[in-house]
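Spelled out, the chains give:
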Amino acid sequence: MKPFTAIIVFSALLFSLAFGEATAASESILDRVRERGYVKCAIGNRLVGDTRIGETGYEGFFPEFCRVVALALFGDRNAVEMSPTLIRYGLQSVSEGEVDIYVSNVTWTFSRDMSLKLTPAAVLYYDGQGFMSHRGTVQGALAELSDATVCVSRATTTIGNLEDYIALHGLSWRVEAFESSQGRNDAFFSRRCDLLTTDRFALATMRSAAMDDPHNYVLHDEIISKEPLVAYVSTMDMMWGNVVRWAIFATILAEEKGITSENYRDHLESRDPVVRRLLGVDESPGSEAVGLSPYWARNVISGAGNYGEIFGRYLGEGSEMKMKRGANRLWKDGGLLYTPPFR
């Protein structure tokens with residue numbers, strides 16, 4: 001082979017490799033999910049209360065929103081593969097493209113957005129960091145407890161919030177940090193620690209599932225942080241993030257409009273333009289542009305219910321959690337849940 005010919009062949013090979021890599025890199029997350037036929041969703045690794053194994057696989061408040069996305073895309077709540085994982089690995093798996101979405105009790109923070117190249121699709125639950133103690137351990141306000149040992153997870157925002165709280169109040173508490181939430185919980189329930197701190201959502205879950213008696217544990221009123229718990233997606237495909245975001249918003253808007261999994265058919269004759277667009281009776285501009293069925297939101301509502309139904313089923317009075325809506329009420333009821341215009 002002549003040198004000039006060799007150069008041409010080598011250049012063509014390099015172009016081919018570069019073009020192939022660029023083509024693979026340009027494939028969107030949304031395209032990959034569609035081609036695969038199901039959503040890869042990382043969830044929390046706490047298989048109690050809000051996340052558990054049911055007859056059809058993982059179920060609970062957070063896993064249900066994996067199914068909400070599957071319903072929006074495929075009309076099938078089971079078109080999803082869920083993998084329980086620690087928070088740090090769940091976030092990393094989204095950042096590296098191993099999964100499409102991470103849905104758990106994970107807090108929206110500046111550093112996660114910036115350093116991990118993640119973005120929150122939507123807030124699923126407005127929470128705050130709190131404390132749980134063994135009954136009889138704390139007399140009075142927590143800030144007046146001069147001596148205590150606190151169990152906390154190491155690779156979360158909670159340890160930073162705890163250290164700030166200790167410094168602010170000049171406390172001499174001892175911090176016991178653990179790599180996993182299971183290690184942290186085991187240490188607390190075996191009384192190695194006086195207090196356990198994490199999101200109140202998680203504390204309520206653990207107390208409800210206590211092996212001895214939930215009444216042996218006190219969930220304190222002190223809230224030391226804002227903890228918006230979100231569905232995290234990658235910044236590499238913002239259109240994928242939009243699909244996840246509006247699938248979640250559909251459940252909130254359905255509750256606002258009084259549409260449930262039981263009565264959605266009654267609303268098909270509604271004169272409300274928003275309801276008609278939401279249920280696919282009238283055209284919803286933008287749905288076709290991303291390949292969504294005209295009935296994608298109707299599939300979400302019929303298959304999973306509205307936000308209030310999901311909350312009630314897994315967290316509310318009808319569940320073992322028996323949690324109050326609090327800040328997670330609709331905006332018109334004094335809460336924080338609110339959707340942009342659906343038009």
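Residues numbered from 1 in each chain as written. Predicted model: local features only at pLDDT ≥ 70, side-chain atom pairs only at ≥ 80, totals over all residues. Heavy atoms only, no water.

**Some points on the pairing of strand β6 (residues 118-127)**
Turning to step 1, where the next piece is worked out: Within β6, nine of the ten residues are buried, which leaves it mostly tucked inside the rest of the structure.
Turning to step 2, where the next piece is worked out: Sheet topology note: the β6/strand β12 (residues 227-234) ladder contains eight bridges and is antiparallel. Residue pairing in the sheet places P120 in a bridge with Y232 of β12. (Buried < 20%, exposed > 50% of the residue type's maximum accessible area, 1.4 Å probe, protein only. Helix = DSSP H or I, 4+ residues; strand = E, 2+ residues; numbered from the N terminus. Pairing = 2+ DSSP bridges.)

**Examining the state of the cysteines**
Between two cysteines, a covalent bond joining their sulfur atoms is known as a disulfide.
Turning to step 1, where the next piece is worked out: Throughout the structure, instances matching the rule amount to two disulfides.
Turning to step 2, where the next piece is worked out: Here C41 engages in a disulfide with C66; their sulfurs sit 2.0 Å apart. One quick way to see it: the torsion about the S-S bond of C41 and C66 is about -50 degrees, and its sign makes the bridge left-handed. Highlighted residues: C41 in strand β1 (residues 39-43) and C66 in helix α3 (residues 61-74), separated in sequence by 25 residues. Each member of the pair C41 and C66 is classed as buried.
Turning to step 3, where the next piece is worked out: Covalently, C151 is tied to C193 through a disulfide, its sulfur atoms 2.0 Å apart. On the S-S bond that ties C151 to C193, the torsion sits near 75 degrees, and the link is right-handed. With C151 in strand β8 (residues 149-153) and C193 in the loop between α7 (181-189) and β10 (195-199), this pair connects stretches of sequence that are 42 residues apart. (Disulfide = S-S within 2.5 Å.)

**Quick word on the sheet that holds β1**
Turning to step 1, where the next piece is worked out: Overall, mixed pairing links the five strands, which are arranged β4-β1-β5-β12-β6 in an open sheet. Strands at the two margins of the open sheet, each flanked by one partner only, are β4 (80-84) and β6. Geometrically, the sheet is characterised by an average inter-axis angle of 25 degrees between neighbouring strands, direction not taken into account.
Turning to step 2, where the next piece is worked out: In this structure, β1 lies alongside β4, joined through five bridges in parallel fashion. Bridge pairing in β4 places A42 opposite S83.
Turning to step 3, where the next piece is worked out: Packing of helix α4 (residues 87-95) onto the sheet brings it into contact with β1, β5 (101-107), β6 and β12, and relative to β5 it is tilted by some 145 degrees. (Axes fitted to C-alpha atoms, helices over the stretch in contact; angles between N-to-C directions. Contact = heavy atoms within 4.5 Å.)

**A look at α7**
Turning to step 1, where the next piece is worked out: Within the span of α7, buried status applies to S181, R184, N185, A187 and F188. End-on, the buried residues of α7 take up no more than an arc of 160 degrees, which puts them together on one face.
Turning to step 2, where the next piece is worked out: The secondary structure elements touched by the buried residues of α7 are β7 (129-134), β8, β9 (174-178), β10, α8 (200-208) and β11 (217-219).
Turning to step 3, where the next piece is worked out: The first or second residue beyond α7 is R191, which carries a positive phi of 70 degrees. (Arc of directions from axis to C-beta.)

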